[in-house]
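Fold and geometry: a report
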Amino acid sequence: MSHLFSAGHLGELALSNRIIIAPMCQYSADNGAPTSWHSVHLGTLAQSGAGLLIIEATSVTPEGRISPWDLGIWSDELGDALQQEVEKIRRWSPIKLGIQLGHAGRKASVDAPWKGGKTLSDSEGGWETLAPSALAFGEYRAPKAMSAEDIARIKQAFVDGARRSQKAGFDLIELHAAHGYLLHQFLSPLSNQRTDNYGGSLENRIRLVLEIFDEVKAAVSLPVGVRISATDWAEGGWDVDSSIQLAKALEERGSAYIHVSSGGLSPAQQIAISPNYQVPFAQQIQQQVKTPVIAVGLITEPEQAEAIIATGQAEFIALARGILFNPRWPWHAAAKLGSKIAVAPQYQRSEPHHLRGLFSV
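Residues numbered from 1 in each chain as written. Predicted model: local features only at pLDDT ≥ 70, side-chain atom pairs only at ≥ 80, totals over all residues. Heavy atoms only, no water.

Quick note on the threshold: UniProt positions are given in the numbering used here, feature names are shortened, and annotations may be inferred rather than shown by experiment.
Named according to an unreviewed UniProt entry, the protein chain is NADH:flavin oxidoreductase/NADH oxidase originating from Atlantibacter subterraneus. Comment text from UniProt for the protein chain, heading Cofactor (unreviewed entry), reads "FMN".

This is the structure:
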């Protein structure tokens, strides 16, 4: 039997296989609310056969959006709008659904990628950004260093967003502490030059992530996991050893999983991209904790994904751009690996003649 298509657990959440669809921003919301684009996009991915679909980074405050077109969950109305999307998917698909809660920090207030992704001024619809320290990301606008009151407000916003996520019907919550966004900015010494209890030592720099995790976990009954960048790929930045220490601290607190990506914090990053380029980071962390680790990073072939699970480099793999390109990737992987996969009855007659038995009923 394929390891990739074996059942697994993230906390108490049971998944039918080890394939996860990673959060991917769509820059298509309307004042934080999902649009018909999200219905089409998520509906397509919900029929992929993956075990879990985590929807895109959803901001807990208006100023925490990456762009003016990001999803948000800072109000009950937005939570209700997301609930409608969840209910649409639930009607037609058994896929488990997660939501990634985030705040962009100093990387907020930018245009959509297909419009150049440049920082937006106030006159262009942008806004003042927040960060641990008043240090800009490259050519982006300079952020305001967060006060103690700002920190307390954002902690509460994560808790409120988590409660709304549970009410909306999601099965799992992921906290976004990767890719150079706010929680990652607190972790890295390249972006965090504070002199209070949230800056300086590793213990202080991981404090906010742990506090938010603890408060969110106490507020909901859902599994809560964390996505991290294992390294900044830049001298003097956040690194794998620090990630291992954070993972151990999260494990002690009952994290359902650690989702291991990398980079995004520094314009000076030097990333050597190749197939599996981030998997060794996941493996190093998985060797140090019992918490399930999710590996990502140019995982494109079924045999490649199977090997990652079979050899214990990680317990799960996640796909992002690859599954946008091929939303039926899990079907094709099951065929290659000699496994079965459940599909909607409307699609069962598409089973190829030479693959009879691929679709389970």
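Moving on from the coordinates now.
Quick word on the overall build of the protein chain
Defined as follows: Where helices and strands are cited, they refer to DSSP runs of H or I of at least four residues and of E of at least two residues respectively, numbered from the N terminus. Here the globule rule reads 2.2 Å times residues to the power 0.38, and the radius of gyration is calculated from C-alpha atoms. The buried label applies to any residue whose accessible area, calculated with a 1.4 Å probe on protein chains only, is under 20% of its type's maximum; exposed applies above 50%, and partly exposed to all values in between. For every accessible area listed, the method is Shrake-Rupley and the probe measures 1.4 Å; residues are considered covered only by the protein chains on display.
Check the secondary structure of the protein chain and you find 11 helices and 15 strands. The C-alpha atoms of the protein chain give a radius of gyration of 20 Å, which matches the 21 Å a tight globule of 361 residues would have. Along the first, second and third principal axes, the C-alpha atoms of the protein chain reach 65 × 40 × 40 Å. The 361 residues of the protein chain split such that 59% are buried. As displayed, the protein chain offers around 14,700 Å² of accessible surface, 52% of which is attributable to carbon and sulfur atoms.

Section: the side chain of Arg-18
Using the following cut-off: We treat Lys and Arg as the positive residues and Asp and Glu as the negative residues; His and chain ends play no part in the count. The rule for a salt bridge is simple: a side-chain nitrogen of Lys or Arg has to be within 4 Å of a carboxyl oxygen of Asp or Glu. Residue contacts are defined here by distance: any two heavy atoms, one from each residue, within 4.5 Å place the two residues in contact.
Relative to the assigned elements, Arg-18 resides in the loop between β2 (13-15) and β3 (19-21). Buried charge without a salt bridge: Arg-18, with Glu-315 as the nearest opposite-charge side chain at an N-O distance of 4.1 Å. If we skip the residues at most four places from it in the chain, Arg-18 touches His-3, Leu-4, Ser-6, Ala-7, Gly-8, Ile-309, Glu-315, Phe-316 and Ile-317.

Observations regarding the packing of helix α7 (residues 240-252) against helix α8 (residues 279-286)
How we decide: Comment: axis = line fitted to C-alpha atoms, over the contacting stretch for helices; angle = value between 0 and 180 degrees taken between N-to-C directions. Note on angle classes: values under 35 degrees are labelled roughly parallel, values over 145 roughly antiparallel, values of 65 to 115 roughly perpendicular, and the remainder oblique. The handedness criterion is simple: a crossing whose near helix is rotated anticlockwise from the far helix by less than a right angle is left-handed, and one whose near helix is rotated clockwise is right-handed. The residue classification treats Ala, Val, Leu, Ile, Met, Phe, Trp, Tyr, Cys and Pro as nonpolar and Asp, Glu, Lys and Arg as charged. All others, Gly included, are polar.
Running from N to C, α7 and α8 cross one another at 45 degrees; their axes reach a closest spacing of 9 Å. The pairing of α7 with α8 is recorded here as oblique in orientation. At the point where α7 passes α8, the crossing takes the right-handed sense. For the pair α7 and α8, the contacting residues are Val-240, Ser-243, Ile-244 and Ala-247 in the first and Phe-281, Gln-284 and Ile-285 in the second. Here the contact of α7 with α8 is composed, by residue class, of five nonpolar, two polar and no charged.

As for the pattern of salt bridges
Under the defined criterion, the tally for this structure stands at 16 salt bridges. The shortest N-O distance in the salt bridge between Lys-88 and Glu-85 comes to 3.1 Å. Of the two residues, Lys-88 and Glu-85 are both situated in helix α2 (residues 76-92); the distance of three residues between them amounts to about one turn of the helix. Among the residues examined, Lys-88 registers a relative accessible area of 43% and is labelled partly exposed. Across the salt bridge formed by Asp-196 and Arg-194, the nearest N and O atoms sit 2.7 Å from each other. For Asp-196, a relative accessible area of 31% gives the class partly exposed. For Arg-194, a relative accessible area of 12% corresponds to the buried category.

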